[in-house]
Amino acid sequence: MKTKLSAQNLNISFGTKQVLKNVNVSFNENEITALIGPSGCGKSTLLRSFNRMHDLSPDANINGTIMLDDLNIYSKNIPVTEIRKRIGMVFQKANPFPKSIQENITYGLKINNLPHGKDVIEKALQEAYLWDEVKNDLKMPATRLSGGQQQRLCIARAVALRPEVILMDEPCSALDPVSTLKIEELIKHLKKKYTIAIVTHNMQQAQRVADKTIFMYLGEVMEEGPTDQIFNNPKNEITTNYINGYFG
Amino acid sequence: MESFLLTDSENIMQFKTNKLSSVIEWGSLLLSTAIVCFFIAVIIWEIFSKGFSVLSWEFTTMVPKEGMTSGGILTPIIGTVLLTLITSAFAVPFGICCAIYLNEYAENTWVTRTIRAAIRNLSGVPSIIYGLFGLALFVQALNFGTSLVAAGLTLGLLSLPYIITTTEEALKRIPNSTREAALAVGATKFETIKDVVIPSAMSGILTGVVLTLSRAAGETAPILFTGAAFYINGSSGYVNQEFMALPYHLYMLSTQHQSIDQVKPIAYGTALVLVIVVFLLNLTAFYIRYKYRKDEN
C-alpha cells in the first residue's frame, strides 16, 4: 500500500501551548484513515495542518515535515492555494458559501481556472450522492438545503476540484443518524478515487468506515494500525481504556 | 420544618405581592414606552401639521424667491444631494477598505487596538469640532475655500468612523468557517474576502453606509464654516463654490431671517422635506436588509 500523505516529527504549538508532540503518521492511498481520541487530543489540529489551515493563526508554530507524495507541503516555493487544491477539506459544520448550489461547486473551479461547465457540476454532485435531490434547483441558495444535504454539497465542492486527499473534520457530528449513514456510505464510495482522513468522535463510525485508525492522546499518537486491530486487539493500555469508554 | 411551609393566607399574600410587583414592572416599562412614543408623535405632528400646507410640487422644484420669503427650496435640495454624494464618494470606499484591513489583515497588536479605540472615540467627537477641523484643513490649508467640496470632505471625515465601525461589525459577524470554506477550495486571502466575506456581509455594510449618510445629510455644524451659504442666487452645484443645504437653510430661516413670520411656513416645509429625505434613506437601509435576508434564506 502506497503512502499518500505523511507527517514526520511534527510539533505544533500555539503561543506557549504545545498541541502536537513529535507526531509521526501516514495515510495510505485509497484508504480511509480515522483519527480518534478524546477532545483536545490534537486530532483536529493535526488534520488542519495537512492543508495549512494554521497559516491563518499568527501564533501557530509548526515544526516537522508533512509530505504529500514527495512534496513537502510547507516548502516555501509552493503556493498554499496549490496545496489546498490538492488536499481538500470538509468541515465539522457544513459551511456552504452563501451562494447558489451551482456556484458552490463552480467557485473553486473558477478561481483555479478549471473548466466549470454543466457536466462538471453534475459529476461532482453525483459523486456526492446529491444530484438527484437538487438537479432541478441548481440556482437555489445553498443555505436552503437541509443540514445533511449541505454537508454533501460541501463534499461535492471538495471533490469537484479533483483533489488527491480529502480531509474530514467530524463531518457527521451535526447530523442526524440517517444523514450520517448517507455520508458514511458516500465516504466509503469516495475512497476508490481519493485518500481520506477523517476525524471522528464516534467509535462506531470509525469501525464502520475506516481501514486504518490512529489513536491520539494529549497531542501524541498512542497507537496506529488496521481498524480491526485497534478496536479488537489494542496494544496500548490507554487505547484499551478509551475504546472501552472508560474516559473520553 | 414548619418554617418552610406557608399557610394558605401567607401563600395568598405572597401571590398578591408577586402579582403586584409584576404589574409595577410591566407598567413602568409600558409607561416609558408610552412617554417616548408621545414625544415622537408630538414632533411628527408638529412638523407635518405646520409643514404640510406649503408642501407641493412647486415647493420642491422652485428656487427661493424674494429674499426667501416665497418660492421653493430647490437650491438647498440640490446642495444637500450633491453634498451627500461627495461625502459618500470620499467616506464609503476609504471607510470600507479601512474596516477590511482592520478586521481581515491587521494583526491584533497594541497598534491595531489603539487605532480601533481612536476610531471609536472619533465617532463620539461633537460635529462642530469636525467643522472647525474642516475649516482649518480643507478651506484654509488645502485652499479649497468655503465650497461644496470642502464641506463634503468634512462630512466625509465625520462619517468615516461610523462607516468603519459598522463595516467592521458586519465583517465580524461572518463566521471563520465561511472564510475557511473559501480557503479550502484554493482561494487566496484576497479572493476569500472579495468573493465570500464581503458578499456575505453586504447587507450589514450597506445598512451602515446608508444610515451614516442619512445622518450626515442632516448635519449642520460641520458645513457651517466650510461652505454652506445663507443664500445663493439662481443655480448652485459647482463643487468649488458655496452652496445651500437643507439643514442649514432650516437653521437660518428659523433663527437668522429678519421677517421670521413670513418664512415660518417655509421653515416647517424645509423641516418636513428633510425628515422625509432621512426617512426615505432609512427605509432604503431597511429594504436592503430585508432583501438580503430573504436571499440568504
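Residues numbered from 1 in each chain as written. Chains lettered and ligands numbered in written order. Predicted model: local features only at pLDDT ≥ 70, side-chain atom pairs only at ≥ 80, totals over all residues.

As recorded in an unreviewed UniProt entry, chain A goes by Phosphate ABC transporter ATP-binding protein and comes from Paenimyroides tangerinum.

Each helix and strand in chain A was counted, giving ten helices and ten strands. Against the compact-globule benchmark of 18 Å for 248 residues, chain A has a radius of gyration of 18 Å, which places it among compact chains. C-alpha extents for chain A along the principal axes are approximately 55 × 45 × 35 Å. Considering only contacts within chain A whose residues lie at least 6 apart along the sequence, 67% involve residues at least 24 apart. (Helix = DSSP H or I, 4+ residues; strand = E, 2+ residues; numbered from the N terminus. Rg over C-alpha atoms; globule rule 2.2 N^0.38 Å. Contact = placed C-beta atoms within 7 Å.)

Residue and element names in this part refer to chain A. Pairing in this open sheet of four strands is antiparallel, and the strands run E2-E1-E4-E5 from one edge to the other. Both outer strands of the open sheet, strand E2 (17–28) and strand E5 (71–72), are each paired with one neighbouring strand and no more. Across eight bridges, the pairing between strand E1 (residues 3–14) and E2 is antiparallel. The residue bridging serine 6 from the neighbouring strand is serine 26, located in E2. (Pairing = 2+ DSSP bridges.)

Another point: the UniProt feature "domain: ABC transporter" (unreviewed entry) in chain A. In the numbering adopted here, UniProt assigns the feature "domain: ABC transporter" (unreviewed entry) to residues 5–243 of chain A. Note that residues 5–243 of chain A is 36% helix and 27% strand, and that its end C-alpha atoms are spaced 26 Å apart. (UniProt positions renumbered as here; feature names shortened; annotations may be inferred.)

The next subject is the sheet that holds strand E9 (residues 212–217) of chain A. All names here are of chain A. Ordered in space as E6-E7-E8-E3-E9-E10, the six strands form an open sheet in which the pairing is mixed. Looking at strand neighbours, the two that pair on one side only are strand E6 (87–90) and strand E10 (220–226), the edges of this open sheet. Here the average twist between neighbouring strands, direction ignored, is 20 degrees. In the sheet, strand E7 (residues 165–169) pairs with strand E8 (residues 195–199) via five bridges, with the strands oriented parallel. Along E8, the bridge assignment pairs leucine 167 with alanine 197. (Axes fitted to C-alpha atoms, helices over the stretch in contact; angles between N-to-C directions.)

Another point: the domain arrangement of chain B. All names here are of chain B. When the domains of chain B are assigned, the result is domain 1 (2–51) and domain 2 (57–296). Facing the four residues of domain 1 at the interface are five residues of domain 2. Partitioning the side of domain 1 that touches domain 2 into residue classes produces two nonpolar, one polar and one charged. (Domains from an automatic or database assignment. Nonpolar A, V, L, I, M, F, W, Y, C, P; charged D, E, K, R; others polar.)

Looking now at the interface of chain B and chain A. Contact with chain B, which involves 19 residues of that partner, is made by 22 residues of chain A. Listed by contribution, the elements that provide at least two residues to the side of chain B that touches chain A are helix H7 (176–184), helix H8 (189–217) and helix H11 (260–296) of chain B. Examining the composition of the side of chain B that touches chain A, we find that six residues originate from one element, H7(B), more than from any other. Of the residues contributing to the side of chain B that touches chain A, the split by class is seven nonpolar, six polar and six charged.

It is characteristic of soluble globular proteins that their nonpolar side chains tend to be buried jointly. Counting 141 residues, the largest nonpolar core has A:Ala156, A:Ile196, A:Ile198 and B:Ala228 as the members making the most contacts within it. Looking at which element gives the most residues to this core, the answer is helix H6 (residues 148–172) of chain B, with 14 residues. (Core = buried A, V, L, I, M, F, W, Y, C linked by C-beta atoms within 7 Å. Buried ≥ 20, exposed ≤ 12 C-beta atoms within 10 Å, placed from the backbone.)

On to the packing of helix H3 (residues 74–105) of chain B against H8(B). All names here are of chain B. Across the interface, H3 lies against H8 with an axial gap of 10 Å and an inter-helix angle of 140 degrees. Considered as vectors, H3 and H8 are oriented oblique to each other. Crossing geometry of H3 relative to H8 is assigned as right-handed. Note on element contacts: H8 touches H3 through Ile193, Val197, Ile205, Val209, Leu213, Ala216 and Ala217, opposite Thr80, Thr84, Thr87, Ser88, Val92, Ile96, Ile100 and Glu104. When grouped by side-chain class, the residues that make up the contact of H3 with H8 number ten nonpolar, four polar and one charged. (Parallel < 35°, antiparallel > 145°, perpendicular 65-115°, else oblique. Left-handed = near helix turned anticlockwise from the far one by under 90°.)

With respect to burial, helix H10 (residues 246–255) of chain B is a largely interior element, seven of its ten residues being buried. For H10(B), every residue scored as buried is listed here: B:Leu246, B:Pro247, B:Tyr248, B:His249, B:Leu250, B:Met252 and B:Leu253.

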